[in-house]
Structure formats: C-alpha cells, structure tokens
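# Reading the structure
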Amino acid sequence: MPIKIPSGLPARAILDSERIFALEKPEAERQRVRPLKLVILNLMPKKIETETQLLRLISKSPLQVEIDFMKTSTHEATHVSADHLLKFYETLDAFEDNYYDGFVVTGAPVEHMPFEDVDYWDEFKRILDWASTHVFSTMYLCWGAMGALNYRYGVRKIDYPQKVFGVFPQYLQDEYCFLTNGFDEIALQPHSRLAGVNEDDVRANRDLQILTWGPQSGPGLIAARDFSEVFALGHWEYGKYTLAEEYERDMKKGMTNVPFPINYFPHDDPSLEPLFSWRAHGNLLWRNWLNWVYQTTPYDLTEVPQLRREKRLGTDRSIRHEPGSPRKDDFAPFAHDSYGVIVG
C-alpha cells in the first residue's frame with residue numbers, strides 16, 4: 001500500500017529517487033478506491049490447476065480483486081470439461097468493450113513450435129492488440145512472455161536442444177525496481193521450457209529492462225520501462241510438485257531432451273520431498289505487481305487508452321535507469337551445499 005506523508009516533507013525526494021511510492025495528504029484525500037479488475041487468459045492444458053496456482057498468488061494481496069477468465073476460440077482444450085469452460089470462460093468477443101487494471105497471460109506447452117505454427121497465434125496477436133488499449137498492465141508467463149516479446153518488441157525466440165528444467169538462481173539486477181522491491185540478491189525460480197529469448201534483442205530495446213538474470217537460465221524477469229508489460233520467463237506461480245508432475249509426464253512420453261530437474265529434489269533423490277524454494281519470491285513478485293497496479297491505475301478505467309497513447313502509465317514513466325550488470329566475478333551461488341539442495 002502507498003504511504004501517506006505530510007505535504008512538502010523533504011524525505012519525499014529521497015523516497016522518489018528510490019521509487020518508493022508516497023502520497024502527500026492532498027493526493028491521498030483525492031484518491032478513490034475500488035476493487036482491481038483482472039482478466040486471465042489461461043492457455044495451459046490443465047485449466048483448473050493453473051487457475052489454482054494463480055489465484056493462490058493473487059489472494060495473498062490485501063487488495064480486493066475481481067477476476068474474469070478468457071479462452072481462445074481457435075483452440076479446443078482437451079484436459080478440462082467443456083462444462084467448466086462454458087461456465088467460467090469467455091472468448092475475446094465478450095471482453096472487447098471491457099477495461100481492466102491487469103491482464104495475466106499464461107504459458108502453453110508450445111514453446112518448441114514456430115509462433116506461426118501455433119493454431120491460435122493470430123488470435124493471440126488480436127488479444128494482445130486489445131490489451132494494448134484496454135488493460136493498464138499485463139503479466140505474461142513463459143510462452144506467453146516469449147510470444148508477447150516477439151510480437152510486441154521483435155525479440156526472437158531461441159529453441160534449445162534440451163529443456164531448461166529445474167530451479168535456477170536468478171541475480172537481482174535493480175534493487176529499487178517496484179516489481180522486485182524486497183527481493184534477495186539471489187532469487188530461485190523454476191524453469192520448464194524448450195526455448196528462450198534472444199538477450200541481445202532485449203538489451204538493444206530501450207523500452208525493455210531485465211530485472212533478474214541467471215547464468216544458466218538467462219533472463220527470468222523482464223519488464224517494459226513503464227511496467228505496462230511484465231514478462232516472467234520462469235514459473236514463480238508453480239506449486240511444490242508441478243515440476244515433479246511434468247517430469248513424470250515427459251518421461252511417460254519418452255522424451256529424450258528433458259533432463260532430471262536441477263536443484264529440485266534434495267540430493268537429486270526423487271524419493272525425497274522436493275523443496276519449495278521459490279514460494280517467497282513468487283508471492284512477493286505478485287504482491288508487488290498488484291500493489292503497483294493499485295497505486296497507479298486510474299479510478300476510471302476508460303482513461304486507460306488515452307494514458308497508453310500518451311505513454312503516461314505509472315509512477316516510473318520519467319525514470320530511465322540502466323539495469324545492473326550480471327556479476328563480473330567468479331561467484332557461483334550454492335555450487336556446494338552440504339544438504340545437496342542447490343548444485344551448479
């Protein structure tokens with residue numbers, strides 16, 4: 001929540017420089033409050049499992065949030081009942097005249113395919129075009145992030161011969177960023193993907209910033225400079241057993257490009273309980289994002305298109321910090337651990 005301070009307090013300048021959001025008394029008294037409105041485009045096959053993961057994170061915020069669910073019309077889900085989709089999901093047609101504070105676009109198990117070969121790619125682009133005028137801030141996950149970075153910013157996808165699979169250290173790149181405020185210098189993030197993004201394309205685009213980066217997994221969190229779009233390449237939303245279930249699924253399929261999940265089972269022993277080592281940072285990221293949206297979104301959501309056209313979103317619009325560089329020394333976190341928890 002924002003802090004309310006006396007008008008003219010000298011500390012305001014310092015707080016602003018550290019990107020801590022503070023309201024002076026007249027601003028606070030003018031502020032109107034309402035529930036946040038979110039819509040989730042759920043592209044994952046197991047709809048209910050993904051819904052639960054996301055709602056669990058969203059519920060940790062003290063804010064009241066109203067949520068709608070969106071589906072594609074050009075792809076028929078097979079891992080959930082048609083009844084469930086009919087009851088809780090709508091296609092873009094039902095949302096075209098609606099405005100939202102936040103939009104969440106999940107991943108999908110299609111990262112190994114060229115974008116143009118995904119049967120709902122054209123619809124995906126139409127949805128992103130709609131969001132660019134009707135949504136204040138969008139959180140993209142995994143393939144959703146890759147697709148949006150490609151379509152919106154021309155960032156190329158890179159296919160991998162072997163799946164990036166497990167829990168990987170991510171180095172914090174900007175300690176004062178709203179989204180990563182409170183993060184430790186090293187955050188652990190689950191990854192499960194056969195593709196990534198071209199880092200040179202990201203770094204060359206002045207509208208983007210890398211917020212976390214790992215030596216094995218590359219960028220884990222990327223954001224637009226005004227936070228209108230946030231891209232999580234990993235899965236902070238995953239539950240404790242999700243990677244184990246995915247590994248079992250991939251092995252049953254006979255996949256040979258999926259390694260044993262790294263840094264997940266103690267001593268690499270799948271008979272032991274996996275470690276839920278990313279939960280705190282997952283909760284923190286989503287609280288920070290919802291809090292930022294709450295603090296900066298207009299009360300009247302019909303103002304969103306004009307704000308986006310004029311590039312007047314958020315509190316950070318005039319700040320253009322360079323993200324910090326990855327560590328230049330040979331420090332390798334957790335290379336040796338007596339518990340056998342984090343290796344490599």
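Each chain carries its own residue numbering, running from 1 in the written order of its sequence. Two thresholds apply to this predicted model, a pLDDT of at least 70 for residue-level local features and 80 or more for giving and counting side-chain atom pairs, whereas whole-chain, interface and lining totals are computed over all residues. Where side-chain values are given, they derive from all heavy atoms of the structure, hydrogens and water being excluded.

## A word on the overall build of the protein chain
Labels follow the DSSP assignment, with helices taken as runs of H or I lasting at least four residues and strands as runs of E lasting at least two, numbered in each case from the N terminus. For the protein chain, the count of helices and strands is 10 helices and 12 strands. Burial status follows relative accessibility: with a 1.4 Å probe on protein chains alone, a residue under 20% of its type maximum counts as buried, one over 50% as exposed, and anything between as partly exposed. Buried residues in the protein chain amount to 53% of all 344 residues. Residue contacts are defined here by distance: any two heavy atoms, one from each residue, within 4.5 Å place the two residues in contact. Nonlocal contacts in the protein chain, meaning residues at least 24 apart in sequence, comprise 73% of its contacts between residues at least 6 apart. Residue burial considers only the protein chains on display, and all accessible areas are found by Shrake-Rupley using a 1.4 Å probe. About 16200 Å² of surface is accessible on the protein chain, with carbon and sulfur atoms providing 50% of the total.

## Remarks on the pairing of strand β12 (residues 229-232)
Side chains Glu 229 and Phe 231 of β12 all project onto a buried face; the interleaved residues Val 230 and Ala 232 project onto the opposite face, where all are buried too. The sheet contact formed by strand β7 (residues 135-141) and β12 spans four bridges and is parallel. Bridge pairing in β12 places Met 139 opposite Val 230. Two strands are said to pair when DSSP picks up at least two bridges between them. Pairing between strand β11 (residues 218-224) and β12: three bridges, direction antiparallel. In the sheet register, Ala 223 faces β12, and the bridge partner there is Val 230.

## Here's the deal with the pattern of salt bridges
The working definition used for a salt bridge is a side-chain nitrogen of Lys or Arg within 4 Å of a carboxyl oxygen of Asp or Glu. Evaluated as defined, the whole model comprises 10 salt bridges. As a salt-bridge pair, Lys 157 and Asp 159 come within 2.6 Å of each other at their nearest N and O atoms. Exposure remark for Asp 159: the relative accessible area of 46% places this residue in the partly exposed category. Among the ionic pairs, Glu 273 bridges to Lys 240, the shortest N-O distance being 3.2 Å. Taken together, the residues Glu 273 in the loop between α8 (242-252) and α9 (279-296) and Lys 240 in the loop between β12 and α8 connect sequence positions 33 residues apart. Because the salt bridges share partners, they merge into one network encompassing Lys 163, Arg 249 and Asp 250.

## What to know about the sheet that holds strand β3 (residues 36-41)
If you walk across this open sheet you meet the 10 strands as β5-β4-β3-β6-β7-β12-β11-β10-β8-β9, and the pairing is mixed. Of all the strands in the sheet, just β5 (89-90) and β9 (186-197) have a single pairing partner and so form its edges. Of the pairings in the sheet, the one linking strand β6 (residues 100-105) to β7 comprises five bridges and is parallel in character. Looking across to β7, one finds that Phe 103 is bridged to Thr 138. Inter-axis angles, ranging from 0 to 180 degrees, are taken between N-to-C directions of lines fitted to C-alpha atoms, where helices are fitted over the stretch in contact. Running at roughly 140° to β7, helix α5 (residues 121-134) makes contact with β3, β4 (65-70), β6 and β7 of the sheet. Sitting on the sheet, α9 is in contact with β3, β6, β7, β9, β11 and β12, with an inclination near 165° to β7.

## Overview of helix α6 (residues 143-153)
Counting buried residues along α6, eight of its 11 residues qualify, which places the element largely inside the surrounding structure. Of the residues making up α6, those classed as buried are Trp 143, Gly 144, Ala 145, Met 146, Gly 147, Ala 148, Leu 149 and Tyr 153. Phi turns positive, to about 70°, at Gly 154, one or two residues after α6.

## A word on the packing of α5 against α6
Contact geometry of α5 with α6 gives a least axis separation of 11 Å together with a crossing angle of 75°. Comparing their axes, α6 and α5 come out roughly perpendicular. Residues Trp 121, Phe 124, Lys 125, Leu 128, Asp 129 and Ser 132 of α5 form the contact with α6, whose own contacting residues are Trp 143, Gly 144, Gly 147, Ala 148, Asn 150, Tyr 151 and Arg 152. Residues are grouped as follows: Ala, Val, Leu, Ile, Met, Phe, Trp, Tyr, Cys and Pro are nonpolar; Asp, Glu, Lys and Arg are charged; all remaining types, including Gly, are polar. Among the residues forming the contact of α5 with α6, the class breakdown is six nonpolar, four polar and three charged. We call two directions roughly parallel when the angle between them is under 35 degrees, roughly antiparallel when it is over 145, roughly perpendicular when it lies between 65 and 115, and oblique otherwise.

## Digging into the nonpolar core
Think of a nonpolar core as a cluster: buried Ala, Val, Leu, Ile, Met, Phe, Trp, Tyr and Cys residues, connected wherever their side-chain atoms sit within 4.5 Å. Residues Leu 179, Leu 285, Trp 286 and Trp 289 are the most contacted members of the largest nonpolar core, which totals 46 residues. Of the residues forming this core, the biggest block, seven residues, is contributed by α9. Excluding its chain neighbours within four sequence positions, the residues that come into contact with Trp 289 are Leu 38, Gly 102, Phe 103, Val 104, Ser 137, Thr 138, Met 139, Leu 179 and Val 230. The next biggest cluster of nonpolar side chains, apart from the first, holds 41 residues, and it includes Val 105, Val 118, Tyr 140 and Ile 210.

## Focus on a positive patch on the surface
Residues Arg 56, Lys 60, Arg 279 and Arg 287 make up a contiguous surface patch of positive charge. In this structure, Lys 60 sits in the loop between α3 (47-58) and β4. Like charges are joined within 9 Å and nonpolar side chains (Val, Leu, Ile, Met, Phe, Trp, Tyr) within 5 Å, but only among residues with over 30% relative accessible area and no salt bridge; these make up the patches. Counting rule applied: Lys, Arg positive; Asp, Glu negative; His and chain ends not counted. One atom stands in for each charge, and that atom is NZ of Lys, CZ of Arg, CG of Asp or CD of Glu.

## Comments concerning unusual backbone geometry
The residue Cys 142 is not glycine, and still its phi comes out positive at about 45°. As for its position among the elements, Cys 142 is in the loop between β7 and α6. Of the residues examined, Cys 142 reaches a relative accessible area of 4% and is grouped as buried. Even without being a glycine, Asn 263 presents a positive backbone phi close to 60°.

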